[in-house]
Structures are given as C-alpha cells and as structure tokens.
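Analysis of the macromolecular model
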Amino acid sequence: MFGTTVSFFRRRAMTAYSRTNYTILDVEPGWLWEPVIYTPADFFAIHDSLFRFDMTQTNYRQFLDYQYFARIWAGLGVNWETGTSDRRQFGLTYLEQLVALSVSHLNNAAWGTTDLPSDMGKAASVAKRSYRV
Amino acid sequence: MNCSSYFCPGGLPLISLVNQSNFALPLEYYPDAEAVLQWDAPGYQIEFDSTIDGLELSLNDCTVYGDSKIAIVSCVRQLNSSLIIGIVPTEVFT
C-alpha cells in the first residue's frame, strides 16, 4: 500500500506566469494559512468518478472509462518489482498527484457551478522578468 | 520523515477579467513583457507526510474498484483536520 497523510490549507499568493508557455515562474505566498477540512466522503465522490466503469457493457474493457481506469492502475507502479523503494516512491508520487489534482483542478472557480467567492484575486499585470541577486 | 509540500495557485488560463473575457493580452501588446503577475489570489497549500507508521486503516475506510483482472483499493480516513489516504493497486490472478 502507498499511504500518506495530507493536509489542505487556503493561502493567498502572488504568482508570476510566463506569457508564452503558461509555466509558473515564481510564487510568493502570504503568511496567513487557513486549514481546509475535507472528509473521506469528499474524496470517495471523486474516486467514484475516477475509478468506476460500466461492466454491464459488452466488451467493456474496450471502453474509455475502463482504459482510463487501467491507465491509473498502471500509473500506480504495479509493473515495478514488488517491494522495491523505487516502486514505493513512484506509487507515492502518483498518489500525491491524484490527491493534489483532485482538489486543485476540480475545485476551482472556472469549474464551479456557484457564484464566485467575493475574495478572489482582483488584480493582474504584465511584467518583465528580472533576477534577484 | 518524508514530507512534501506544494502550493497550487491555479493556472494562467483560469484568470479571467470581470466581464469573463479572456485574461490573455495578445502578445503584440506590451511585447517586452514576459510574465503575467497574478496578485493576492487564493490557492491551495497541500502538505503530504508519508511517515504513517502507527496509523491504521480498516476495511470500513476502503472501497474496492475494478474487475476480475485488475483492481484498486482506495482507503481514506479522517485524522483531525487531515486525511490518511492509502491506495493499493492489485492484479488478480485466476
């Protein structure tokens, strides 16, 4: 088993993105942290959508939902030699990605169905890159 | 101890203007500017600690997904304000 404890916090930050390739160039987080409490039910709802597939379909293994499940299954490192530290680290990293993406990608303002919160960031600007020496 | 911490600020494509128009200034405007700065916006700080010795998960914390060939056992349990998350990919031999 790959296992980890995970804690979520809400934190504000200034983030610099590249205009040309969208990568993050720099992040300057603020000092205030606020815990965000998620429950197992929140994650099982996400895991249900990620991992369930319809086995009642004929040749269900050819369907995209099964292929997607099989890809995640393989991504968890099942093909690595059992018990090796490489397999553990590989699977653990993949698990962390699954957890982080679940909240950061699915729970954002663009995908939300409710009104935007009032405390979203309200300023952006363009800038030249410089170096701190 | 094996800890890792990430900050997820969202992405540049998610920035939109008040009128919901696209954030992206065409590159022909201010062509010397290489970056877009997003000021004082909320994001996720996510912290992992894989040192879980002594922490236990029971079958009641787990759900099994899969079929007769491959399966994933997913377990999640509350631990104060955090979660313990475990996952087991298994191959079924018949």
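Parameters and conventions
Residues numbered from 1 in each chain as written. Chains lettered and ligands numbered in written order. Predicted model: local features only at pLDDT ≥ 70, side-chain atom pairs only at ≥ 80, totals over all residues. Contact = placed C-beta atoms within 7 Å. Helix = DSSP H or I, 4+ residues; strand = E, 2+ residues; numbered from the N terminus. Nonpolar A, V, L, I, M, F, W, Y, C, P; charged D, E, K, R; others polar. Pairing = 2+ DSSP bridges. pLDDT = per-residue confidence, 0-100. Core = buried A, V, L, I, M, F, W, Y, C linked by C-beta atoms within 7 Å. Buried ≥ 20, exposed ≤ 12 C-beta atoms within 10 Å, placed from the backbone. Expected span 1.5 Å × (residues − 1). Arc of directions from axis to C-beta.

It is worth spelling out the interface of chain A and chain B at this point. By convention, interface size is frequently given as the accessible area that disappears when the constituent parts associate. Taken residue by residue, the interface counts 59 residues in chain A and 56 residues in chain B. Those elements giving two or more residues to the side of chain A that touches chain B turn out to be β1 (2–18), β2 (24–36), α1 (40–51), α2 (64–75), α3 (85–106) and β3 (123–127) of chain A. At 17 residues, the largest contribution of residues to the side of chain A that touches chain B is made by β1(A). In terms of residue class, the side of chain A that touches chain B is built from 38 nonpolar, 12 polar and nine charged. Here β1(A) pairs with strand β5 (residues 82–91) of chain B via five bridges, running antiparallel. Paired with Val6(A) across the two strands is Leu83(B), which belongs to β5(B).

With that settled, consider the confidence of the model for chain B. For chain B, per-residue confidence averages 84 on the pLDDT scale, and residues scoring 70 or more make up 86% of the total. The least confident element of chain B, judged by mean pLDDT, is β5(B) at 88; the most confident is strand β3 (residues 62–66) of chain B at 94.

Excluding glycine, residues mostly carry a negative phi; peptide bonds, for their part, are mostly trans. Residues and elements named next belong to chain A. Unlike most non-glycine residues, Tyr-22 shows phi in positive territory, near 70 degrees. In this fold, Tyr-22 is placed in the loop between β1 and β2. For Asn-59, which is not a glycine, the phi torsion comes out positive at approximately 55 degrees. Mapping Asn-59 onto the fold places it in the loop between α1 and α2.

Another aspect to go through is the nonpolar core. Counting 23 residues, the largest nonpolar core has Val6(A), Leu95(A), Val76(B), Leu83(B), Ile85(B) and Ile87(B) as its most contacted members. Those elements giving two or more residues to this core turn out to be β1, α1, α2 and α3 of chain A together with β2 (35–49), β4 (70–79) and β5 of chain B. Here this core takes four residues from β5(B), the largest share from any one element. Those residues within four positions of Ile87(B) in sequence are excluded, and the remaining contacts are Met1(A), Phe2(A), Leu76(A), Leu95(A), Ile72(B), Val73(B) and Ser74(B). Ranked by size, the runner-up nonpolar core spans five residues in total, among them Tyr17(A), Leu12(B), Ile15(B) and Val36(B).

Moving on: the environment of Leu98(A). Structurally, Leu98(A) can be placed in helix α3. Through-space distance from the C-alpha of Leu98(A) to that of Tyr60(A) is 24 Å; in sequence the pair is 38 residues apart.

Residue and element names in this part refer to chain A. Between the first and last C-alpha of α2 there are 16 Å, a value that for 12 residues agrees with the 16 Å anticipated at 1.5 Å per step. Regarding α2, the residues found buried are Tyr-66, Phe-69 and Trp-73. Projection of α2 onto a plane perpendicular to its axis shows the buried side chains occupying an angular sector of 60 degrees, all on one side. Counted as exposed and oriented over 90 degrees from the buried face of α2: Leu-64, Gln-67 and Arg-71.

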